[in-house]
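The chain contents come next:
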Amino acid sequence: MSHFDRIVVGAHYGLKDWLAQRITAVVMALYSMFMGAALLSGVHGQDGWRALMSHGFVRFFTFLFIVSLCWHAWIGVRDIWMDYVKPAGIRLALHSLTAIALVGYAGWAIQVIWRL
Amino acid sequence: MAYTVRKFDAVIVGAGGAGLRAAIQLSESGYKTAVITKVFPTRSHTVAAQGGVAASLGNSEEDHWHWHMYDTVKGSDWLGDQDAIEFMCRKANECVIELEHYGMPFDRTDAGKIYQRPFGGHMSNFGEKPVRRSCAAADRTGHAMLHAMYQRNVKANTQFFVEWMALDLVRDSEGEVLGVTAMDMETGEIVVFQAKATIFATGGSGRIYYSSTNAFINTGDGLGMAARAGIPLEDMEFWQFHPTGVAGAGVLITEGVRGEGGILRNAQGERFMERYAPNAKDLASRDVVSRAMVTEINEGRGCGPNKDFVLLDITHLDPATIMKRLPGIREIAIQFAGVDCIKEPIPVVPTCHYQMGGIPTNYSGQVVVPGKRSQNEIVPGFYAAGECACASVHGANRLGTNSLLDLLVFGKSAGETAVETLKQSPKAHKDLPQGEIDRALARVNRLNTQTGGTNVHETRLDMQRTMQKHAGVFRFADLLQQGVDKIKQVEEQVRQTEIKDKSMVFNTARIEALELDNLIEVAVSTMVSAEARKESRGAHVRSDCADSAEFPDGRNDKDWLKHSLWYKEGNRLDYKSVKLTPLTVETIALKKRAY
Amino acid sequence: MTTRTLQFKIYRYDPDKDQKPYMQDISVEVDSTDRKLLDALVKLKAVDDAIAFRRSCREGVCGSDALNINGKNGLACLTDLSSFPEGKPIVLRPLPGLPVIRDLIVDMTQFFKQYHSIKPYLINNDPPPERERLQSPEDREELDGLYECILCACCSTSCPSFWWNPDKFVGPAGLLAAYRFIADTRDQATSERLDNLEDPYRLFRCHTIMNCVDVCPKGLNPTLAIGKIKAMMVKRAI
């Protein structure tokens, strides 16, 4: 650590992330309700689900859900690293791993949907 | 004992209203200023002031500073210095407006101006009828004011020494004040704050009494330090007993409650103030109301199982008004009296509240003492403002809301005078007299090494009970005489206090013992001055000086229209004349006080 | 006069003589005139003058005697002795999350640093008028519930976000003060004040846990004020 050890704040991304977490939460909530309703309306078996997922709208909604989930998780997990991991090098590495993992999960999930 | 020296242009002791106001003046003028305070500034006792600050803004009805001046002189029972009173009343508007500009959240009238409420003793047209003169922020005026002034000091980048206790004045053989010694409470480190201007704003010392509205920290530190340095204390016999302290707890209930329409009632439910003050009734001057209450209680018309309190009734007020104008009072009533004042009256008793006397100053905030050339010779380098000072604007009895005004006007004026003096003073600091520093260190050394001594808590209780019994609301010749002997005995005990805790880290036992050294100076000066004043005036009322044709209300202007000055050395009294000539207007002539 | 004995467990630590902090069992006699926890503490100090705690006004306006009382932050002078269950010792600790100087006294430097960081003073660059700056009673009412803060630190030291990041998160008391100036119609620095808080730590470490609201001895609601700041930021951004 350098002798120049000053607490620096003012990163100017607090609001954007806070807002994003709330908007993504709304998307996830709506998607959960939609899927819940589908379940209650009798969709069952692989054929049922395949049929449902074949609609372009449902695929798009699912895509939106996955992106929201990852974005939401990114902010939450990053905040945890920020709270608990103080050394900048390790924190940056964890941030990167988190981001890479989330992007990877998202890509994988999208691949699964579109393969349906 | 080791100590270090730090040099400043000015050092202010105390960060209540007066200290913070003086600090604004000095910091904004660019002088290197240290503010030493026992507690974080917003914990100073100004924070507990409730009802308001007087200023003849005339926001709700016609008002004039001259009327305010008349009321203040009358309230002081003509013991106030009329030059200082005129100065204060004329400066009031300016000082209150400044506060508003600092950001103080005053309540507002519909026109958007500062809200004003009536208060005891404040009348229009030279005593005709009550006037709305008290500028208020709900019933938290002191809190709003203290925070606004602290905030202004944050803006001005004032240097605070928080949780430092000043120990003693440094005064050289020529009488000039060169700073103070002080102790860092957290570490026990001692530092001499060398300064070209030393301003005392150490507040009151109501803790000399057993029952007091004052905070634990109100221990008269400035008065003790001044007395030990040979400065006399002025008019110490005059102590205000606030009519409405919560019975038992002592917590203050603002006069603003009566300003908003509250009524005092005895056990029969009678509004007894109508008999004592037919015109002003419940809004008569505080000493008048307190004595009326004690008379009711003494004559068996008190309330409760022991008939030892009266009731403050606001149940007839609209609950919305109570919630808007007196929310803090409702909290206090629930917390400390166990009653919701919307539904039930509050049990109250007169409680020691304010010290009218103090370190003698002129209206420029300079400390003055009798000397060879005049009765009021300036002590170079020494200033005082607020409750610890005696300008004297309150004389024998202070009007409600004039205390917050006092600390604003004289805090500012002391700061201004210090700035003017600093402009002309030489660059270098004078040499420090070693003997004076040793005096302060000796006090700490004694505490560190005392064995077989007296207990601080017990000794303080002895002092408080003695003051309560012998120098209370009503005073009696024989009790006062006995009181002088008793308090001197207590003083002997104070000289030998012993603390068990010898730690260097945040040793609050040591702080309390050092505070007791200051309290006892105040207590002795009060008792001795009170015993000697053979008349009744304002808050000082003696049974042997009752109302007579020659001396209405027992006031004897022929022999006693003068300020007392108590000197610690030799425990002796001196007197000086009251300044009856104002700055620009005619003298407000002596007459009998009636409300 | 009826007296009763109160049992205490008190956090003690004097760095001058103690290797490490410990909990001390101690009891004190109180009588019917002792209504509040502070009264009992004063009695305790009369017995053992080494117990260190802050106190001043004893009526809940100076904010000196904030403690952790049976696990919850509060002011000793506003805590009724009758509120404690009989037979159980009263556990007193210093406010959590700040360094202890001694016994029940904590170092509040960090807390005040955060308060100072929000520029806690009115900023208005217009030349001051001769008289007061006008403010309607309705505009003044916006300050109710904000200006009454006594800086006792009960809220900030009960806030997990503040425990974790006391150097970077302003904390509920500081944010309440920030909104007090944002809400004042006389203040002209709203944009700068919002800029000052637009940061993942300073404002947005508040996760609406609401411990602050739960413990405030003056009944104030910092979470509500924080919510209003966030709402203003959103409004500004869109």
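Residues numbered from 1 in each chain as written. Chains lettered and ligands numbered in written order. Predicted model: local features only at pLDDT ≥ 70, side-chain atom pairs only at ≥ 80, totals over all residues. Heavy atoms only, no water.

## Topic: the overall build of chain B
Looking only at helices and strands, chain B has 16 helices and 22 strands in total. Radius of gyration (C-alpha) of chain B: 23 Å, near the 25 Å computed for a compact globule of 595 residues. By principal-axis analysis of the C-alpha atoms, chain B measures approximately 65 × 55 × 50 Å. Evaluated residue by residue, chain B yields a buried proportion of 70% over its 595 residues. A separation of at least 24 residues holds for 75% of the contacts in chain B among residues at least 6 apart in sequence. For chain B, the accessible surface area stands at approximately 18,500 Å², while carbon and sulfur atoms represent 49% of it. With 69 positive and 74 negative side-chain charges, chain B shows a spacing of 1 Å between the two charge centroids. (Helix = DSSP H or I, 4+ residues; strand = E, 2+ residues; numbered from the N terminus. Rg over C-alpha atoms; globule rule 2.2 N^0.38 Å. Buried < 20%, exposed > 50% of the residue type's maximum accessible area, 1.4 Å probe, protein only. Contact = heavy atoms within 4.5 Å. Areas by Shrake-Rupley, 256 points an atom, 1.4 Å probe, with all protein chains shown as cover. Lys, Arg positive; Asp, Glu negative; His and termini not counted. Charge placed at Lys NZ, Arg CZ, Asp CG, Glu CD.)

## Regarding the interface of chain C and chain A
The interface of chain C with chain A comprises 17 residues on the first partner and 16 residues on the second. Buried area between chain C and chain A, summed over both chains or domains, comes out near 1,600 Å², and the portion from carbon and sulfur atoms is 61%. The largest contributions to the chain C side of the interface with chain A come from Trp 164, Glu 198 and Pro 200 of chain C, which together make up 31% of the buried area. Here chain C and chain A share two salt bridges between them. The partner of Asp 79 of chain A in a salt bridge is Arg 205 of chain C, with the nearest N and O atoms 3.5 Å apart. Where chain C meets chain A, there are eight residue pairs in polar contact (both at pLDDT 80 or more). (Buried area = accessible area lost by both parts, 1.4 Å probe. Salt bridge = Lys/Arg side-chain N within 4 Å of Asp/Glu carboxyl O. Polar contact = N/O pair within 3.5 Å; in protein donor to acceptor, adjacent residues only side chain to side chain.)

## Some remarks on the interface of chain B and chain C
Across the boundary between the two partners, chain B contributes 68 residues, which contact 60 residues of chain C. Together chain B and chain C conceal approximately 5,100 Å² of surface at their shared face, both sides included; 51% is due to carbon and sulfur atoms. When the buried surface of chain B facing chain C is broken down by residue, Arg 43, His 101 and Phe 216 of chain B rank first, second and third, together holding 15% of it. Connecting chain B to chain C are eight salt bridges. Between Arg 55 of chain C and Glu 512 of chain B there is a salt bridge, with its nearest N and O atoms 3.4 Å apart. If you look at where chain B meets chain C, you find 42 residue pairs in polar contact (both at pLDDT 80 or more). Mapped onto the side of chain B that touches chain C, the elements with two or more residues apiece are helix 3 (82-102), helix 4 (141-156), helix 10 (327-337) and helix 15 (508-532) of chain B.

## Examining a nonpolar patch on the surface
Together, Ile 80 and Tyr 84 of chain A together with Trp 163 and Trp 164 of chain C line one region of the surface with nonpolar side chains, adding up to about 430 Å² of accessible area. Broken down by secondary-structure element, the contributors of at least two residues to the nonpolar patch are helix 3 (56-84) of chain A together with helix 4 (160-164) of chain C. Checked against the element boundaries, Ile 80 of chain A lands in helix 3. (Patch = residues over 30% accessible without salt bridge, like charges linked within 9 Å, V, L, I, M, F, W, Y side chains within 5 Å.)

## Some details on the arrangement of the chains
Highest in contacts among the two pairs of chains that touch are chains B and C. Chain B makes no contact with chain A, the minimum C-alpha separation between the two being 20 Å.

## Focus: helix 8 (residues 222-237) of chain C
In an α-helix, one full turn covers 3.6 residues, which means residues spaced three or four apart are oriented alike. Over its 16 residues, helix 8 of chain C extends 23 Å from the first C-alpha to the last, a length consistent with the 22 Å expected when each residue adds 1.5 Å. Buried residues in helix 8 of chain C make contact with helix 1 (14-40) of chain A together with helix 5 (171-182), helix 6 (190-197) and helix 7 (211-215) of chain C. Residue Asn 221 of chain C occupies the N-cap position of helix 8 of chain C, its side-chain oxygen lying 3.2 Å from the main-chain nitrogen of Thr 223 of chain C. (Expected span 1.5 Å × (residues − 1).)

## Regarding the environment of Gly 75 of chain B
Residues and elements named next belong to chain B. Note on placement: Gly 75 falls in helix 2 (residues 65-75). Considering only alpha carbons, one finds Gly 75 and Ala 396, 321 residues apart in sequence, at a separation of 7.8 Å. Excluding residues that lie within four positions of it along the chain, Gly 75 makes contacts with Asn 397, Leu 399, Arg 593 and Tyr 595.

## Overview of the confidence of the model for chain B
Per-residue confidence for chain B gives a mean pLDDT of 96, with 100% of residues at or over 70. Two summary scores accompany this predicted model of the complex, namely pTM at 0.95 and ipTM at 0.98. (pLDDT = per-residue confidence, 0-100.)

## Details of helix 14 (residues 477-494) of chain B
All names here are of chain B. In a regular helix each residue adds 1.5 Å, so 18 residues correspond to 26 Å; helix 14 covers 25 Å between its end C-alpha atoms and thus fits that length. Of all the residues in helix 14, the buried ones are Leu 479, Leu 480, Gly 483, Val 484, Ile 487, Val 490, Glu 491 and Val 494. Packing partners of the buried residues in helix 14 comprise helix 12 (434-449), helix 13 (456-470), strand 20 (497-498) and helix 15.

## Considerations on the sheet that holds strand 3 (residues 53-54) of chain B
Residues and elements named next belong to chain B. Reading across from one edge, 3-5-4 is the order of the three strands in this open sheet, with antiparallel pairing throughout. Pairing within the sheet leaves two strands with one partner each, and these edge strands are strand 3 and strand 4 (116-124). Contacts between helix 2 and the sheet are confined to strand 3, strand 4 and strand 5 (129-135), with strand 4 contributing the most and set at about 60° to the helix. (Pairing = 2+ DSSP bridges. Axes fitted to C-alpha atoms, helices over the stretch in contact; angles between N-to-C directions.)

## Thoughts on the pairing of strand 14 (residues 346-355) of chain B
Residues in a regular strand project their side chains so that they alternate between the two faces of the sheet. Residues and elements named next belong to chain B. Among the 10 residues that make up strand 14, 10 are buried, leaving the element largely enclosed by the rest of the structure. Where strand 11 (residues 239-246) and strand 14 come together, six bridges link them in antiparallel fashion. Each residue of the ladder has a partner; that of Phe 241, found in strand 14, is Cys 352.

## Focus: the pattern of salt bridges
Applying the stated criterion to the full structure yields 85 salt bridges over all chains. In this structure, the salt-bridge partner of Asp 168 of chain B is Arg 228 of chain B, at a minimum N-O distance of 2.9 Å. Note that Asp 168 of chain B is positioned in strand 7 (residues 164-171) and Arg 228 of chain B in helix 5 (residues 221-228), a separation of 60 residues in sequence. Each member of the pair, Asp 168 of chain B as well as Arg 228 of chain B, carries the same accessibility label: buried. For the salt bridge of Asp 144 of chain C with Arg 140 of chain C, the shortest nitrogen-to-oxygen distance reads 2.8 Å. Judged by its relative accessible area of 39%, Asp 144 of chain C is partly exposed.

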